[in-house]
Amino acid sequence: MTDVTPLTKSPKASEPDDFVIEVEGLRSQFGDHVVHEDLDLNVRRGEVVAVVGGSGSGKSVLLNSIIGLKVPEGGTVKVFGQDVSRSRTAGGLERRWGVLFQHGALFSNLTVRENIEAPMREHTKLSVREMEELADLKIALVGLRPDAGALKPSELSGGMRKRAALARALALDPDLLFLDEPTAGLDPIGAGAFDELIRDLSDSLHLTVFMITHDLDSLYTITDRVAVIADRKVVAEAPVADLESSDHPWIQEYFLGPRGRAAAKATAQGSRA
């Protein structure tokens, strides 16, 4: 395997206080199978950062380690300066982030409005009326019709379910948003509209966004930086256009293959339009 010096270009030098997510020396394993070894990654306040990697590279394991669903076998994971393994609940971290899981993970027996209210019921003491009003506000924020609040997830299209799940992730007005394959299963038009929604929300709400995605169009259009996991660690992190110059074989195949070239071309044409 080719040894690669990580690309670490960034728009500006950052002080530690600028880091929302700090992963240092992460080791993850299941039995004898080591997924991550000495993995480092920082995410700055206000960034949209995507993580990519081949199947089995541990993207979801990394996400689960950051949000406290998996305890690392080594290293440290901090969010807002707090060690996640010690303070995910006690430190109130769960109130400061929202998570959009790959398949939405909406409660099938609840309406959209009730799904959005669920985090409010767990973490706040708001009145029923206040929760209903806030839920309706989130429904509008993600571009759903007002009557969508009364529908069950089974009554929604794939794109509407994604937006409903996003509204629930935004229920507590988080500073940090985690997205797991946000455009998976959407048609190209729906995926493009969802990308635009994420970018708009990030800008207007001053969100930091950490996303896992295979969608090359998303990488080229809405991310500030992309981190590549290979060889059990982050081998490169940079704006997506800069990754095209990497000599790592997986990065070359991913970004300079036919689909990567098509996504880059479409982005270039869109910027000239």
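Thresholds applied
In this numbering scheme, every chain counts its residues from 1 along its sequence in written order. Only residues with pLDDT of 70 or above have their local features reported here, since the model is predicted, and side-chain atom pairs are shown and tallied only from 80 upward, although totals for entire chains, interfaces and linings are computed over all residues. To get the side-chain values, all heavy atoms of the structure are used, and hydrogens and water are removed first. Secondary structure is summarised from DSSP: a helix means a run of H or I of at least four residues, a strand means a run of E of at least two, and numbering begins at the N terminus for each. Type-normalised accessible area, obtained with a 1.4 Å probe on protein chains alone, sets the label of each residue: buried when under 20%, exposed when over 50%, and partly exposed for intermediate values. Should any heavy atoms of two residues lie within 4.5 Å, those residues are considered in contact. Here, a salt bridge means any side-chain nitrogen of Lys or Arg that lies within 4 Å of a carboxyl oxygen of Asp or Glu. Expected helix span is given by 1.5 Å per residue-to-residue step, counting one fewer step than there are residues. Throughout, nonpolar core names a set of buried Ala, Val, Leu, Ile, Met, Phe, Trp, Tyr and Cys residues whose side chains join them through atoms within 4.5 Å. Two strands make a pair as long as DSSP finds a minimum of two bridges between them. What counts as an axis is a line fitted to C-alpha atoms, over the stretch in contact for a helix, and the angles between N-to-C directions run from 0 to 180 degrees. We call Phe, Tyr and Trp rings a pair once their centres come within 6.5 Å, taking the six-membered ring for Trp, and we label the pair stacked below 30 degrees between planes, edge-to-face above 60, and tilted otherwise.

### What about the side chain of Ser65?
Line of reasoning, step 1. Structurally, the position occupied by Ser65 is in helix α1 (residues 59–66).
Line of reasoning, step 2. Looking at Ser65, the relative accessible area reads 2%, which means it is buried.
Line of reasoning, step 3. Not counting residues up to four positions away in its chain, the partners in contact with Ser65 are Ser28, Lys70, Val77 and Val84.

### Thoughts on the pattern of salt bridges
Opposite charge on two side chains permits them to pair, given that their charged atoms come into close proximity.
Line of reasoning, step 1. All chains considered together, the criterion is met by 13 salt bridges.
Line of reasoning, step 2. A salt bridge links Arg121 to Glu117, with the shortest nitrogen-to-oxygen separation between them at 3.0 Å. Highlighted residues: Arg121 and Glu117, both in helix α4 (residues 112–123), separated by 4 residues, approximately one helical turn.
Line of reasoning, step 3. On the basis of relative accessible area, Glu117 is assigned to the buried category, the value being 3%.
Line of reasoning, step 4. One salt bridge in this structure joins Asp173 and Lys138, with 2.3 Å as the shortest N-O distance. Within this pair, whereas Asp173 is found in the loop between α6 (158–169) and β7 (176–180), its partner Lys138 is found in helix α5 (residues 128–141), the two being separated by 35 residues in sequence.
Line of reasoning, step 5. Here the salt bridges do not stand alone but share partners, grouping Arg44, Glu47, Arg225 and Glu237 into one network.

### Regarding α6
In an α-helix, one turn spans 3.6 residues, which is why side chains three or four residues apart end up on the same side.
Line of reasoning, step 1. Taking 1.5 Å as the rise per residue, α6 with 12 residues should run 16 Å; its terminal C-alpha atoms sit 17 Å apart, in good agreement.
Line of reasoning, step 2. The buried fraction of α6 amounts to 9 of the 12 residues, a majority that puts the element mostly inside the structure.
Line of reasoning, step 3. For α6, the secondary structure elements touched by its buried residues are β6 (97–100), α4, α5, β7 and α7 (188–205).

### Observations concerning the nonpolar core
Line of reasoning, step 1. By size, the foremost hydrophobic cluster in this structure holds 50 residues, and its most contacted members are Leu166, Leu219 and Phe255.
Line of reasoning, step 2. If one sorts the elements of this core by residue count, α6 sits on top with 6 residues.
Line of reasoning, step 3. Counting 27 residues, the second largest nonpolar core, distinct from the first, contains Ile67, Leu176, Phe178 and Ile229.

### A closer look at unusual backbone geometry
Line of reasoning, step 1. The phi angle at Asp38 is positive, at roughly 55°, despite the residue not being glycine.
Line of reasoning, step 2. Tracing the backbone shows Asp38 in strand β2 (residues 33–44).
Line of reasoning, step 3. In the Ramachandran plot, Asp231 falls in the positive-phi region, its phi being about 55° despite a non-glycine side chain.
Line of reasoning, step 4. Within the secondary structure layout, Asp231 lies in the loop between β9 (225–230) and β10 (233–238).
Line of reasoning, step 5. For Asp231, a relative accessible area of 31% translates into the label partly exposed.

### Some details on the pairing of strand β3 (residues 48–53)
Consecutive side chains of a regular strand alternate in pointing toward one face of the sheet and then the other.
Line of reasoning, step 1. Along β3, 6 of the 6 residues are buried, which leaves the element largely enclosed by surrounding structure.
Line of reasoning, step 2. Of the two faces of β3, both are covered, the one formed by Val48, Ala50 and Val52 as well as the one formed by Val49, Val51 and Gly53.
Line of reasoning, step 3. One ladder, built from 4 bridges, connects β3 with strand β8 (residues 208–212); its direction is parallel. Following the sheet pairing, Val51 is matched in β8 by Ile212.

### Focus: the sheet that holds β3
Line of reasoning, step 1. Read from one edge of the open sheet, 6 strands run β6-β7-β8-β3-β9-β10, paired in mixed fashion. Two strands close off the open sheet at either side, each with one partner strand: β6 and β10. Within this sheet the neighbouring strands show an average axis-to-axis angle of 20°, counted without direction.
Line of reasoning, step 2. Packing of α6 onto the sheet brings it into contact with β6 and β7, and relative to β6 it is tilted by some 165°.
Line of reasoning, step 3. Contacting β3, β9 and β10, helix α10 (residues 249–256) crosses the sheet at an angle of about 130° to β9.

### Points about the packing of aromatic side chains
Line of reasoning, step 1. One pass over the full model with this rule turns up 4 aromatic pairs.
Line of reasoning, step 2. With a centroid separation of 5.8 Å and an interplanar angle of 85°, the aromatic rings of Trp97 and Phe178 are classed as edge-to-face. In this pair, Trp97 is assigned in strand β6 and Phe178 in strand β7, connecting sequence segments 81 residues apart.
Line of reasoning, step 3. Among the residues examined, Phe178 registers a relative accessible area of 0% and is labelled buried.
Line of reasoning, step 4. A centroid spacing of 5.7 Å and a plane angle of 65° characterise the contact between Phe178 and Phe210, whose relative ring orientation is edge-to-face. With Phe178 in strand β7 and Phe210 in strand β8, this residue pair connects regions lying 32 residues apart in the sequence.

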